[in-house]
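# Breakdown of the fold
Each chain, written out:
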Amino acid sequence: MPIIEVNHLAKSFKVYRKEPGVMGSMKSLFARKHEFVHAVDDVSFSIDEGELIGFIGPNGAGKTTTLKCLSGLLYPTSGDVKVLGYNPFDRKNAFLKQISLVMGQKNQLWWDLPAMESLVLNREIYEIPRKRFDEVVEDLSQILHAKDFLHIQVRNLSLGQRMKMELMAALIHTPKVLFLDEPTIGLDVVMQKNLREFIKEYNLKYNATIILTSHYMADVEALCKRVIVINHGKVLFDGLLTDLIAKHATEKIVSLTLSKKVSAHDVKKFGEVKAFTYPELKILVSRDHLQETISKIMREVTVDDIKIEDQPIEDIIRELFERKREK
Ligand SMILES: Nc1ncnc2c1ncn2[C@@H]1O[C@H](COP(=O)(O)OP(=O)(O)OP(=O)(O)O)[C@@H](O)[C@H]1O
Ligand SMILES: [Mg+2]
């Protein structure tokens, strides 16, 4: 049984545009021109219990808007959303007690108080029994390596430490469904990795269903088997990350260390030159012609070393967006 079901979800915003200058301001006093932004435009998907889904797309794609609809913060313009059998926008207590939305760019903690105080407030809001609360604090602070920060004023914590406290506050009621909107934004690579491990552990330990958005593909690669790719409010891909790569990674990166100088012009015929500073040459070669191109290179230039790699996922996804835009 799916835990999350989204059918033809759409969310549009009415936005007003002011014409420039004083006259524009005068005019807009009388007849404000409005238009609609179709932030989410006919999105459907379904997610089973315990899945950890990567929800990816460029800036303004509609990710946050979708997550807000799923957690009941926004009322859909049309379509149907069910999370744990509830209509999120009803914001029933029984629903709210089982979900959480964490936004990396927003904080819900009180700045002037230690995070522990915010946790205690949440204990009251969510009516968590004391014993259970103590257990969860112990448990979460252990997997987050965060015991030391619980009693420090939030304003004095580093960004990464604060994010850990945000996560604790968001998870203190051990939600079954978790929406993580860029939880690793702005963190250094070590902290990103820490949080990733935490997310994985939370997912397994509580069999939680998680939707994760991130602009760091390393997060998605490390955590998510399945990804949903969205752009301009529409789903471009929904399936296994490995299938996305197999389907859209049409090129390989061939890195060569040359042992004899050749002109930039001469290497162009092998493929798209990504970088060339003698003796290092990097070219993009179509997967379909890989073998013949390699043979050609070996015949025509002398090389010390050759390395063949997949394109970074970032590039594959960027190309996917660009290709769709051209259509
Ligand atoms: N309250 C609002 N009023 C008007 N337009 C909005 C509102 N919220 C979002 N939008 C617009 O809806 C579109 C989708 O925004 P959304 O925040 O969902 O994107 P996103 O995928 O989360 O992007 P990012 O990766 O930058 O966080 C954007 O064009 C945005 O400007
Ligand atoms: Mg967003």
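Residues numbered from 1 in each chain as written. Chains lettered and ligands numbered in written order. Predicted model: local features only at pLDDT ≥ 70, side-chain atom pairs only at ≥ 80, totals over all residues.

### Examining the overall build of the protein chain
When its secondary structure is counted, the protein chain shows twelve helices and 13 strands. Principal axes of the C-alpha set define a box for the protein chain whose edges measure 75 × 60 × 45 Å. Within the protein chain, the proportion of its 327 residues that are buried is 32%. A separation threshold of at least 6 residues defines the contact pool for the protein chain, and within that pool the share at least 24 residues apart is 71%. (Helix = DSSP H or I, 4+ residues; strand = E, 2+ residues; numbered from the N terminus. Buried ≥ 20, exposed ≤ 12 C-beta atoms within 10 Å, placed from the backbone. Contact = placed C-beta atoms within 7 Å.)

### Things to note about the site of ligand 1
Surveying the vicinity of ligand 1 reveals the residues Phe13, Val15, Val37, Ala39, Gly57, Asn59, Gly60, Ala61, Gly62, Lys63, Thr64 and Thr65. At three residues, the largest contribution of residues to the shell around ligand 1 is made by helix H2 (residues 63-70). Of the residues in the shell around ligand 1, the class split is five nonpolar, six polar and one charged. (Near = placed C-beta within 6 Å. Nonpolar A, V, L, I, M, F, W, Y, C, P; charged D, E, K, R; others polar.)

### Structural notes on the nonpolar core
When a protein is soluble and globular, its nonpolar side chains tend to lie buried together. In this structure, Ile53, Met168, Ile210, Leu212 and Val227 are the most contacted members of the largest nonpolar core, which totals 61 residues. In terms of residues, this core owes the most to one element, helix H6 (residues 159-171), which gives seven residues. Setting aside anything within four residues of it in sequence, one finds Val227 in contact with Ile53, Gly54, Ile56, Val220, Leu241 and Leu244. In terms of nonpolar packing, the next biggest core, distinct from the first, is built from seven residues, Val254, Leu256, Val285 and Ile297 among them. (Core = buried A, V, L, I, M, F, W, Y, C linked by C-beta atoms within 7 Å.)

### Describing the pairing of strand S5 (residues 99-103)
Where burial is concerned, most of S5 is hidden: four out of the five residues are buried. In this structure, S5 lies alongside strand S6 (residues 177-181), joined through five bridges in parallel fashion. Bridge assignment links Ile99 to a residue of S6, and that residue is Val177. (Pairing = 2+ DSSP bridges.)

### Things to note about the pairing of strand S13 (residues 303-310)
The element S13 is largely exposed, with a buried count of zero among its eight residues. For strand S10 (residues 251-258) and S13, the ladder comprises seven bridges, and the chain directions are antiparallel. Its bridge partner lying in S13, Lys252 is registered against Asp310.

### Some details on the domain arrangement of the protein chain
Where the parts come together, the accessible area they lose is often given as the size of the interface. Partitioning the protein chain into domains gives domain 1 (2-246) and domain 2 (251-310). Just the C-alpha atoms count here: the centres of domain 1 and domain 2 sit 43 Å apart. (Domains from an automatic or database assignment.)

### Notes on the environment of Thr65
The topology assignment puts Thr65 in helix H2. With 24 C-beta atoms counted inside 10 Å, the residue Thr65 sits in the buried group. Taking C-alpha positions, Thr65 is 30 Å from Met116, a pair spaced 51 residues apart along the chain. Apart from residues no more than four positions distant in its own chain, Thr65 is found in contact with Lys11, Ala39, Val40 and Leu74.

### Quick look at the sheet that holds strand S1 (residues 2-17)
Spatially, S2-S1-S4 is the arrangement adopted by the three strands of the open sheet, whose pairing is antiparallel. Because the sheet does not close on itself, it has two edges, and the strands there are strand S2 (33-48) and strand S4 (78-83). Averaged over all pairs of adjacent strands, the angle between their axes in this sheet comes to 25°, without regard to strand direction. Looking at chain direction, S1 and S2 are connected through 13 bridges and run antiparallel. Its bridge partner being in S2, Val15 is matched across the sheet by Glu35. (Axes fitted to C-alpha atoms, helices over the stretch in contact; angles between N-to-C directions.)

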